[in-house]
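# Reading the structure
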Amino acid sequence: MTVTIQPTGISPADVLAVARGTAKVVLDPTAVDAMATSRSIVDGIEAAGRPVYGVSTGFGALANTFVAPERRAELQHALIRSHAAGVGAPMPREVVRAMMLLRVRSLALGRSGVRPLVAEALVDLLNHEVTPWVPEHGSLGASGDLAPLAHCALVLLGEGWVLGPAGERIPGGEALRRVGLTPIELAAKEGLALINGTDGMLGMLLLAIHDARHLFAMADVTAALAIEAMLGSERPFLPELHAIRPHPGQAASAANIHKLLQNSAVMDSHRHDLTHAVQDAYSMRCAPQVAGAARDTLDFVETVAGRELRSVVDNPVVLPDGRVESTGNFHGAPLGFAADYLAIAAAEVGAIAERRVDRLLDVTRSRDLPAFLSPDAGVNSGLMIAQYTAAGIVAENRRLAAPASVDSLPTSGMQEDHVSMGWAATKKLRTVLDNLSSILAVELLAGVRGLQLRAPLDPSPAGRAALAALAGAVGEPGPDVFLAPLMEAARETVRGPELRAAIEREIGPLG
């Protein structure tokens, strides 16, 4: 696959293809022309000797310091070196690749005043699988992701660090030589254009949106399995009950759960039982209201990310009429707010799933299932501690759901006196979603075990698909076994596409 970058931008699918795959990147000739046109404007400003921020002045609190023409290239190199000041473990390859691609995208819009060779140099890194070592700490989402992007840009100069194939740190110059690339020299404005953007936080948000979309569908699957195993009712998921409260995410989630519960001998066994509970607990009956609200939150976040993906994010920007204007478009508030909102929603999807796990394991509430889903409880503890793990992760997600975007700290001599913390917001969102996959794995494991214990009644097609997906890992109910491998297998099943695909082959697409 090849991703072609045009002056009109790229798609979220393009970002995923480059960040997580091996798609090659090319610059469309129209993007090259757009960059050359904007560069000619910067060259004209330099020739005229006008003081323009980032071209002939210092940066941040030094914006009023004039820089002589013969030192402007030095200024750009010094900027990159000084701003590559991150610390901590390296960011994952997929985040760094997304960040670099998005910076190319922004430069290619033709509003940054850089020579095409600067964007081409970033493309070369992507196409040669050269991934800069970008430390996790350093960005405040102030003038965008300054430190992370500076760590990327430093490799273009033959400096900095690169992430090796085994996770080791390789000197940037050595990494370039290994693949036959040579360092570049920056001209006026180009160093600033390489680092003044929201590309890191946008990249993480786009990856998170993709993951959340999958996990929210899987949350409907694991909820349905748990409800089926607990002899819950399908009536709360009837479409007419959700049409009278027309939140689209709620309707989609309810439709999924209702569909997943059909053609089940387990459900048929109690559908007309007069002693059956009149109302299920909230964690069962209100699953669509919570998961659906999360879906609606995700739709909002996707809208925000889509706008940012069409945006020129730089400072200053070069306008077609020749003006170079200072902007605040690098401020990450839109992305920070969106990431914090989605983290709250994802945390609650996990929280209600853990409550269903607890009900499945509690002999007083699980409707005749054995305690902790062990056929021989007492000597054996069954899934008791798996629920502990889920509860601990829920608690961590609640801490992570506290918004980062309200935590502004002033920097740069009070020039940057309000920052977005968008990098922190999107980074912790990824952790919340990773945690959610673990919580849903525990629910999947508990739901499968519960359905096994309902034998000889046959479960729904979704239940049968889940049992088949985990058959090799979980075995049959019996004496306690080493539980961590079972949980890891369930987690991989939740994260991967196979279970959903198997279910959809049986019952049709999920919403």
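What this report covers is the structure whose coordinates are included nearby. No experiment lies behind these values; they were computed from the predicted model shown. (Residues numbered from 1 in each chain as written. Predicted model: local features only at pLDDT ≥ 70, side-chain atom pairs only at ≥ 80, totals over all residues. Heavy atoms only, no water.)

Below, the discussion takes up the pattern of salt bridges. According to the stated counting rule, one finds 32 salt bridges in the structure shown. Put simply, Glu129 and Arg97 hold a salt bridge, and the shortest N to O gap is 3.9 Å. Of the two residues, Glu129 sits in the loop between helix 5 (116-127) and strand 4 (135-137) while Arg97 sits in helix 4 (residues 93-108), which places them 32 residues apart along the sequence. For Arg365, the salt bridge is made with Asp362, and the minimal N-O distance between the two is 2.7 Å. On the accessibility criterion, Arg365 (25% relative accessible area) is partly exposed. Look at Asp362 and you get partly exposed, because its relative accessible area is 24%. Through salt bridges with shared partners, a single ionic network connects Glu354, Arg355, Asp358, Asp362 and Arg365. (Salt bridge = Lys/Arg side-chain N within 4 Å of Asp/Glu carboxyl O. Helix = DSSP H or I, 4+ residues; strand = E, 2+ residues; numbered from the N terminus. Buried < 20%, exposed > 50% of the residue type's maximum accessible area, 1.4 Å probe, protein only.)

Attention now moves to helix 15 (residues 333-361). A rise of 1.5 Å per residue sets the reference length of helix 15, with its 29 residues, at 42 Å; its end C-alpha atoms lie 42 Å apart and thus fit the reference within 8%. For helix 15, a buried count of 23 out of 29 residues is recorded, marking the element as mostly surrounded by other parts of the structure. (Expected span 1.5 Å × (residues − 1).)

A few words now on the packing of aromatic side chains. Applying the stated criterion across every chain yields a total of two aromatic pairs. For the pair Trp133 and Trp161, a centre-to-centre distance of 6.5 Å together with 85° between the ring planes defines the contact as edge-to-face. Taken as a pair, Trp133 in the loop between helix 5 and strand 4 and Trp161 in strand 5 (residues 161-163) lie far apart in primary sequence, 28 residues in all. Over the ring of Trp133 we find Arg169, and its NZ or CZ is 5.0 Å from the ring centre. Positioned above the aromatic ring of Trp161 is the side chain of Arg169, whose terminal nitrogen or guanidinium carbon lies 3.6 Å from the ring centre. (Phe/Tyr/Trp six-rings, centres within 6.5 Å; stacked < 30°, edge-to-face > 60°. Lys NZ or Arg CZ within 6 Å of the ring centre and 35° of its normal.)

Right, let's get into empty space enclosed by the protein. Under the criterion given, the structure shown has one cavity of 30 Å³ or more. Taken as a whole, the largest cavity holds about 40 Å³ of empty space. Taken together, Ala219, Asp220, Ala223, Ala287, Ala291, Val349, Ile352 and Arg356 make up the full set of residues lining the largest cavity. When residues of the lining of the largest cavity are traced back to their parent elements, those giving at least two are helix 9 (199-229), helix 14 (287-309) and helix 15. In terms of residue class, the lining of the largest cavity is built from six nonpolar, no polar and two charged. (1 Å grid on protein atoms, 1.4 Å probe; cavity = no way out; pocket = protein on both sides within 12 Å on 5 of 7 lines; lining within 4 Å. Points joined across faces, edges and corners; volume = space filled by probe spheres on them. Nonpolar A, V, L, I, M, F, W, Y, C, P; charged D, E, K, R; others polar.)

Leu107, Leu125, Leu194, Ile195, Leu205, Phe216 and Leu444 are the most contacted members of the largest nonpolar core, which totals 147 residues. In terms of residues, this core owes the most to one element, helix 9, which gives 20 residues. In contact with Leu107, not counting residues within four places along its chain, are Met35, Ser112, Val114, Val118, Ala119, Leu122, Ala193 and Leu194. Among the nonpolar cores identified, the runner-up in size contains eight residues, and Ile41, Ile45, Val52 and Val318 belong to it. (Core = buried A, V, L, I, M, F, W, Y, C linked by side-chain atoms within 4.5 Å. Contact = heavy atoms within 4.5 Å.)

The two faces of strand 2 (residues 24-27) differ: Val25 and Leu27 on one face are buried, but Lys24 and Val26 on the other face are not. Of the strand pairs in this sheet, strand 1 (residues 2-5) and strand 2 are connected by four bridges, and their pairing is parallel. Bridge pairing in strand 2 places Ile5 opposite Leu27. Read from strand 1 through helix 1 (residues 12-19) to strand 2, the crossover connection turns out right-handed. (Pairing = 2+ DSSP bridges. Right-handed = clockwise from strand over helix to strand, strands pointing away.)

Interhelical geometry of helix 18 (residues 461-474) versus helix 20 (residues 498-507) gives an angle of 145° and a closest axis separation of 9 Å. With respect to the hand of their crossing, helix 18 and helix 20 are arranged in right-handed fashion. Of the residues in helix 20, those in contact with Pro461, Ala462, Ala465, Ala466 and Ala469 of helix 18 are Leu499, Ala502, Ile503, Glu506 and Ile507. (Axes fitted to C-alpha atoms, helices over the stretch in contact; angles between N-to-C directions. Left-handed = near helix turned anticlockwise from the far one by under 90°.)

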